[in-house]
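These are the residues of each chain, in order.
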Amino acid sequence: MKRIIKNILHHWYLYVFASVSTTAVVVMTTNAINRPINEETISIFVGSCGSSNTKLYNKLLEDKPSYLRQIRINSAVYFNSDFGYLYTAFGKGESDLVIIPESVIVDDVVKYYYTPLNESYMNSKLGEVTYYTPSDMDTPYGVLIRTKGDTSSNLIAYSNETHDENYYAFLYKKSFHAGENNKVEHDTAIKFIETIKNYK
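Just so it is clear, the structure is predicted and the values come from calculations on it, not from any experiment.

Colleague: Go over the overall build of the chain with me, naming the residues and quoting the values.
Modeller: Scanning the chain from N- to C-terminus turns up 7 helices and 6 strands. Reading the chain from its N terminus to its C terminus gives the helix and strand order α-α-β-α-β-α-β-α-α-β-β-β-α. Residues counted as buried form 41% of the 200 residues belonging to the chain. For the chain, the share of sequence-separated contacts (at least 6 apart) that also reach a separation of at least 24 residues comes to 69%. Entry remark: accessible area of the chain is about 11,500 Å², with carbon and sulfur atoms responsible for 52%.

Colleague: Any chance you could break down the environment of Phe176 for me, citing the residues and the numbers?
Modeller: Mapped onto the elements, Phe176 comes out in the loop between β6 (167-171) and α7 (188-198). A relative accessible area of 32% means that Phe176 is categorised as partly exposed. Taking C-alpha positions, Phe176 is 8.1 Å from Asp187, a pair spaced 11 residues apart along the chain. Those residues in contact with Phe176 that sit more than four places away from it in its chain are Asn38, Glu39, Asp96, Val184 and His186.

Colleague: Outline the pairing of strand β3 (residues 97-101), listing residues and values.
Modeller: With 5 of 5 residues buried, β3 lies mostly within the body of the structure. Of the two faces of β3, the one holding Leu97, Ile99 and Pro101 and the one holding Val98 and Ile100 are both buried throughout. Judged from the 5 bridges that link them, β3 and β6 form a sheet pairing that is antiparallel. Looking at the pairing, Pro101 lines up with Tyr167 of β6.

Colleague: Give a detailed account of the sheet that holds strand β4 (residues 131-132), specifying residues and quantitative values.
Modeller: Read from one edge of the open sheet, 6 strands run β2-β1-β3-β6-β5-β4, paired in mixed fashion. The open sheet is flanked by β2 (70-77) and β4, the only strands paired with a single partner. Across 8 bridges, strand β1 (residues 41-48) lies against β2 in parallel orientation. For Ile44, the partnering residue across the bridge sits in β2 and is Ile73. Sheet contacts for helix α4 (residues 83-91): β1, β2 and β3; angle to β1, the most-contacted strand, approximately 165°.

Colleague: Describe the pattern of salt bridges, listing the residues and the values that go with them.
Modeller: By the definition in use, this model includes 7 salt bridges. Its salt-bridge partner being Asp164, residue Arg146 comes within 2.5 Å of it at the nearest N-O pair. One end of the pair, Arg146, is in strand β5 (residues 142-146); the other, Asp164, is in the loop between β5 and β6, and 18 residues separate them in sequence. Residue classification places Arg146 among the buried residues on the basis of a relative accessible area of 4%. On the basis of relative accessibility, which here comes to 27%, the residue Asp164 falls in the partly exposed class. What you see here is one network of salt bridges that share partners, running through Asp108, Lys111 and Asp136.

What counts and what doesn't
Residues numbered from 1 in each chain as written. Predicted model: local features only at pLDDT ≥ 70, side-chain atom pairs only at ≥ 80, totals over all residues. Heavy atoms only, no water. Helix = DSSP H or I, 4+ residues; strand = E, 2+ residues; numbered from the N terminus. Buried < 20%, exposed > 50% of the residue type's maximum accessible area, 1.4 Å probe, protein only. Contact = heavy atoms within 4.5 Å. Areas by Shrake-Rupley, 256 points an atom, 1.4 Å probe, with all protein chains shown as cover. Pairing = 2+ DSSP bridges. Axes fitted to C-alpha atoms, helices over the stretch in contact; angles between N-to-C directions. Salt bridge = Lys/Arg side-chain N within 4 Å of Asp/Glu carboxyl O.

Right, dumping it as structure tokens:
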């Protein structure tokens, strides 16, 4: 018994390390098991005149399909100096659905990150809509969801006293929620476009 106590006292740091390591492994494993997989999470980025996501989140939650476990929304004020960083970190290449005003659209970015839209398929889901088409292409990539001067919706802070523009929605080319555009089962991003576009 004395030998055991002596070993514990002499090598106490090993026991502490083993205990901490075991706890860390259990926590990481539990988190990995419970974390929503890509198909169960939809990410949305909004560049607008405001940074509050609460109203948008609550509205989309009403239309959330059963397979979806998580809705993540990041937003940035598009005329602030940190917009470029936030758009890169959370928008293009990171979000399934991106909503931005016309002035920050760059055609090379659109063609690289976003999926070309199947026009007949999108029309069947949204009705007749106006599209954004890069200047050197015939294929549409974005959907007009708000026209400059329209004051019928305050779901997103589209305008303020000095800024007012057309807004377009784009779908990430690797999204699991873009329906037939990406040859995937779920079309939740398109349903969310419809919800946002038609909100009054």
